[in-house]
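Residues per chain, in single letters:
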Amino acid sequence: MLLDRLKEYWLDLSRTARAMLSTLLLLALGGLCAFVLAPAYKVQVKLSADLPKLRAQRADMLQEEKLIASIRKKEREGGKRADIKTLLKIAIARSSFVNAIERLETVSSDEVQFVAAPVIFDDWIVWISDLQREFGIRVQSCKVTALDQPGFVRIEVTLVAAKRSLVEQ
């Protein structure tokens, strides 16, 4: 019924009116397609731009994983005490702020200082807790400075090793 009415309406139109209406319908259809497909195209462009960076991060993580495994293997075979800097490198490699480390210096055989920014404060608190539980490393002194971005801080910390700390899995 509706199709019959549309067909009748179409046949009643002049040739020029049909051409104009066809052109308008094609333009409307093209605009609708552009409106629907534009967000998908933007996402595709963004993901294409992010892909090399994500691949590089994955490669870094795989390299760090190999380093951690080799350190753990050496420690298991040797059974000797790991130095605090090695333990920190292991812990930092697994942290969310691995790329935020500005400085990591050994002060003595049982003491290390490092500076990191920007660091998410909540992640920092969890990391310190894990560090103490897993390796027995504790905070000797710490300076936390808030950054302009909410939740982010700059950390300046001195960490000391426990009396006995073996790398274990």
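Residues numbered from 1 in each chain as written. Predicted model: local features only at pLDDT ≥ 70, side-chain atom pairs only at ≥ 80, totals over all residues. Heavy atoms only, no water.

## Quick look at the overall build of the protein
Part 1: For the protein, the count of helices and strands is four helices and four strands.
Part 2: Computed over its C-alpha atoms, the radius of gyration of the protein comes to 31 Å, more than 25% above the 15 Å expected for a compact globule of 169 residues.
Part 3: Its C-alpha atoms give the protein principal-axis dimensions of about 95 × 40 × 25 Å.
Part 4: The buried share among the 169 residues of the protein stands at 23%.
Part 5: Across the protein, every contact between residues at least 6 apart in sequence was considered, and the portion connecting residues at least 24 apart equals 55%.
Part 6: For the protein, the exposed surface amounts to about 12,400 Å²; the carbon and sulfur share of it is 59%.
Part 7: Here the protein holds 26 positive side-chain charges and 21 negative ones, and the gap between their average locations is 4 Å. (Helix = DSSP H or I, 4+ residues; strand = E, 2+ residues; numbered from the N terminus. Rg over C-alpha atoms; globule rule 2.2 N^0.38 Å. Buried < 20%, exposed > 50% of the residue type's maximum accessible area, 1.4 Å probe, protein only. Contact = heavy atoms within 4.5 Å. Areas by Shrake-Rupley, 256 points an atom, 1.4 Å probe, with all protein chains shown as cover. Lys, Arg positive; Asp, Glu negative; His and termini not counted. Charge placed at Lys NZ, Arg CZ, Asp CG, Glu CD.)

## Notes on the confidence of the model for the protein
Part 1: On average, residues of the protein score 86 in pLDDT, and 91% of them reach the 70 mark or higher.
Part 2: No element of the protein has a lower mean pLDDT than helix α3 (residues 84-93), at 85, and none a higher one than strand β4 (residues 152-160), at 94.
Part 3: Ignoring residues within four places in sequence, the model shows residues 164-169, a span with pLDDT below 50, making 15 contacts including any to other chains. (pLDDT = per-residue confidence, 0-100.)

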